[in-house]
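Observations on the model geometry
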Amino acid sequence: MAETVLTAQPRSPLAHAAGRLAAATRSSGGAVRLAEVPFLAQVDVRLDAKGAAADAVGVALGSQLPLEPGTAVRTEGQTALWLGPDEWLVVGRPGTQRDLEGRIRSAAGEEPVCVTDVSAQRTTVLVAGPRARDLLSHGCSLDLHPRTFGPGRCAQTTLARTQVILVARDGVRAGFWVLVRSSFAGYLADWLLDAAAEYI
């Protein structure tokens with residue numbers, strides 16, 4: 001039986017838009033920064049937040065899973081996003097999904113837990129710059145004011161009628177991650193570029 005070997009480099013969902021995103025960033029004079037952050041590891045975790053597995057998984061990840069709705073906890077190398085009372089998305093550096101999945105499963109031991117690698121399901125768009133909040137507010141109904149949606153906040157919401165996970169990143173200039181399903185990434189990139197034309 002012949003072995004199947006991956007011979008081509010993987011292509012990100014927004015590889016075709018990289019030039020246009022970079023051009024919009026340059027043309028805005030720094031007002032907005034748009035770029036794909038491809039191939040981030042994404043592992044969906046379902047477990048009882050009050051059970052022993054939650055504490056053990058937190059230790060394995062280097063920080064407890066966030067328990068407050070709509071929050072994100074960042075440690076070196078990964079970010080855990082609260083998606084629901086018993087669901088989190090752990091986002092890590094590209095290529096670390098197997099390591100994350102293994103650490104979580106090992107830490108949970110015999111406790112009931114569901115761990116799913118969903119890395120191929122979404123890509124991530126970075127929206128940063130002084131006008132990033134204004135740009136996102138054109139298509140998102142959330143209050144994105146820093147007092148309400150500052151660093152360490154996340155939400156499952158819609159942006160330009162597209163389901164996304166929006167993450168306010170740590171740091172004043174860090175901006176936002178927009179995690180979008182790969183099949184909608186091209187549409188969302190076009191929408192962001194159109195909305196960003198106001199700042200060019």
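One can find the structure itself at the top, above this paragraph.
A brief structural summary. Please read all numbers here as calculations on a predicted model, not as lab measurements. (Residues numbered from 1 in each chain as written. Predicted model: local features only at pLDDT ≥ 70, side-chain atom pairs only at ≥ 80, totals over all residues. Heavy atoms only, no water.)

In space, the 5 strands of this open sheet follow the order S1-S7-S10-S9-S8, with antiparallel pairing throughout. Of all strands in the sheet, those bounded by a partner on one side alone are strand S1 (33-37) and strand S8 (154-159). Within the sheet, the average angular offset between the axes of one strand and its neighbour, ignoring direction, is 30°. Across 6 bridges, S8 lies against strand S9 (residues 162-168) in antiparallel orientation. By the bridge assignment for S9, Cys154 is matched with Val167. In the packing of helix H5 (residues 182-196) onto the sheet, contacts are made with S1, strand S7 (122-128), S8, S9 and strand S10 (176-181), and the angle to S10 comes to roughly 135°. (Pairing = 2+ DSSP bridges. Helix = DSSP H or I, 4+ residues; strand = E, 2+ residues; numbered from the N terminus. Axes fitted to C-alpha atoms, helices over the stretch in contact; angles between N-to-C directions. Contact = heavy atoms within 4.5 Å.)

Take the packing of aromatic side chains next. Throughout the structure, instances matching the rule amount to 1 aromatic pair. When the centroid spacing of 6.4 Å and the interplanar angle of 15° are considered together, the rings of Phe149 and Phe176 count as stacked. Placement of Phe149 in the loop between helix H4 (132-137) and S8 and of Phe176 in strand S10 is noted, with a sequence separation of 27 residues between them. Residue Phe149 is classed as buried on the basis of its relative accessible area of 5%. Given the relative accessible area of 3%, Phe176 is considered buried. (Phe/Tyr/Trp six-rings, centres within 6.5 Å; stacked < 30°, edge-to-face > 60°. Buried < 20%, exposed > 50% of the residue type's maximum accessible area, 1.4 Å probe, protein only.)

What follows covers the pairing of strand S5 (residues 87-92). Of all the 6 residues making up S5, 6 are buried; the element is thus mostly covered by neighbouring parts of the structure. What you see with S5 is no split at all: Glu87, Leu89 and Val91 on one side and Trp88, Val90 and Gly92 on the other are buried throughout. Direction of pairing for strand S2 (residues 41-47) relative to S5: antiparallel, over a ladder of 6 bridges. In the strand pairing of S5, Gln42 is matched with Val91. Joining the antiparallel neighbours strand S4 (residues 78-84) and S5 is a turn of 2 residues.

The subject of this paragraph is the nonpolar core. Soluble, globular proteins show a tendency: their nonpolar side chains are buried together. Membership of the largest hydrophobic core comes to 33 residues, with the highest contact counts inside it found for Leu34, Val127, Leu135, Leu136, Val178 and Leu192. Of all elements in the fold, only helix H1 (18-27), S7, H4, S8, S9, S10 and H5 reach the threshold of two or more residues within this core. Examining the composition of this core, we find that 8 residues originate from one element, H5, more than from any other. Counting 17 residues, the second-largest nonpolar core is a separate cluster that includes Val45, Ala53, Ala54 and Leu100. (Core = buried A, V, L, I, M, F, W, Y, C linked by side-chain atoms within 4.5 Å.)

Let's shift gears to helix H3 (residues 97-108). Compared with the 16 Å implied by 1.5 Å per residue over 12 residues, the 17 Å span of H3 between its first and last C-alpha is a close match. Downstream of H3 by a residue or two, Gly109 has a phi angle that is positive, lying close to 60°. (Expected span 1.5 Å × (residues − 1).)

A separate point is the environment of Arg46. With respect to the secondary-structure elements, Arg46 resides in strand S2. Since its relative accessible area comes to 34%, Arg46 is described here as partly exposed. Expressed as a C-alpha distance, the spacing of Arg46 and Leu89, which sit 43 residues apart in the sequence, is 9.0 Å. Excluding residues that lie within four positions of it along the chain, Arg46 makes contacts with Asp86, Glu87, Val113 and Cys114. Only 3.0 Å separates the side chain of Arg46 from the side chain of Asp86, close enough to count as a polar contact. (Polar contact = N/O pair within 3.5 Å; in protein donor to acceptor, adjacent residues only side chain to side chain.)

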